Amino acid sequence: MTDHPYRDPYLYDLEYGHLSDDIVFYTDLARRWPGPVVELGCGNGRILLPMARAGVTVHGLDSSAHMLEDLAAKVRGEAADVQSRISWHLGDFSTVSGRNRLVLWPFNALHHLPGPDALSLTLAAIRGALRDDGLLALDCFLPDPSVGTVGPLKRGAVRLDRHPVTGEPLRSWQEEWWDASARVHHVVRVWQRADGREERLHNALRMYDLDELHALARHAGFEVHHEAEDFVGAPVSPASLQWVAQMRPR
Ligand SMILES: C[S@@+](CC[C@H](N)C(=O)[O-])C[C@H]1O[C@@H](n2cnc3c(N)ncnc32)[C@H](O)[C@@H]1O
């Protein structure tokens, strides 16, 4: 898996560590839905850690040992009370268990599943790990019509950074293409080191129409309780590129 997108948590932080809207949103939900909270695809704790610092007890799960090792290192640097609110395990989304009040599935993680069958099975597993008075909250992409028109490969502008640990200069750019038959948006972040070595962090993101997402959720025993196109609640429209959904068991 030379191009596994999550093998370098430092580059992950460099790319996404500045985002905060979703942290505010999910932390607020955890306050309003008290009880056991689990985050699917918790990664190295971008959301989970600030949530625990805010007083939420949260269990994370993730299939990337690299990301969880980095999470463990970060947790060791936290105050004892914060540490006591955090637990995690290495596993697939479908290993979610328990009787949770709130299941979080943030930051487009569902697109990592290969297709609707896997998504359906995972939603069923989540339903099984959610109390009847619980909530599933997630955010994901909605199809961007412009992605299909960029040609076989679109290369973005070069950005200059420094590696957060070694300090070495890094050039990076994004390459993307759309596989129409598989409905997969391929997004590769290429990181080039000073000596010319490259790391290609490749995300293959399976896209779904909103109608399909509604149908899959309903089939798994959920009803959409609230939906928006962003974390402050702007209504979903045909032009929306993001779906921020809250679902309840029906
Ligand atoms: C976009 S990252 C989100 C990480 C973190 N929630 C955040 O917001 O920064 C998606 C995470 O899902 C994990 N992941 C991908 N497929 C998975 C699967 N099938 N089961 C469990 N985790 C998975 C990846 O390892 C990665 O850490």
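A brief report on the enclosed structure follows. Because the structure is predicted, anything quoted here is derived from the model rather than measured. (Residues numbered from 1 in each chain as written. Predicted model: local features only at pLDDT ≥ 70, side-chain atom pairs only at ≥ 80, totals over all residues.)

1. What about the overall build of the protein?
Thought 1: What the protein contains, in helices and strands, is seven helices and twelve strands.
Thought 2: The C-alpha radius of gyration of the protein comes to 18 Å, within 12% of the 18 Å expected for a compact globule of 250 residues.
Thought 3: Each of the three principal axes of the protein carries a C-alpha extent, and together these read 55 × 45 × 30 Å.
Thought 4: The burial tally for the protein puts 30% of its 250 residues in the buried class. (Helix = DSSP H or I, 4+ residues; strand = E, 2+ residues; numbered from the N terminus. Rg over C-alpha atoms; globule rule 2.2 N^0.38 Å. Buried ≥ 20, exposed ≤ 12 C-beta atoms within 10 Å, placed from the backbone.)

2. Examining the site of the ligand
Thought 1: What surrounds the ligand is a group of 18 residues, the closest being Gly-41, Gly-43, Arg-46, Ser-64 and Phe-107.
Thought 2: For the shell around the ligand, the per-class residue count stands at nine nonpolar, six polar and three charged. (Near = placed C-beta within 6 Å. Nonpolar A, V, L, I, M, F, W, Y, C, P; charged D, E, K, R; others polar.)

3. Comments concerning the sheet that holds strand 1 (residues 37-40)
Thought 1: Read from one edge to the other, the open sheet built from seven strands follows the order 3-2-1-4-5-12-11, with strand pairing classed as mixed. Each of the sheet's edge strands pairs with one partner strand only, and the pair in question is strand 3 (86-90) and strand 11 (222-228). Across the sheet, the mean angle from the axis of one strand to that of its neighbour is 20°, orientation sign disregarded.
Thought 2: Along the sheet face, helix 4 (residues 65-76) touches strand 2 (58-62) and strand 3 and points at about 160° away from the line of strand 3. (Pairing = 2+ DSSP bridges. Axes fitted to C-alpha atoms, helices over the stretch in contact; angles between N-to-C directions. Contact = placed C-beta atoms within 7 Å.)

4. Observations concerning helix 2 (residues 21-32)
Thought 1: For helix 2, built from twelve residues, the straight-helix expectation of 16 Å at 1.5 Å per residue is met to within 8% by its first-to-last C-alpha distance of 17 Å.
Thought 2: Among all positions in helix 2, only Phe-25, Tyr-26, Thr-27 and Ala-30 are buried.
Thought 3: In this structure, the buried side of helix 2 is in contact with strand 1, helix 3 (48-53), strand 4 (100-105) and strand 5 (130-141). (Expected span 1.5 Å × (residues − 1).)

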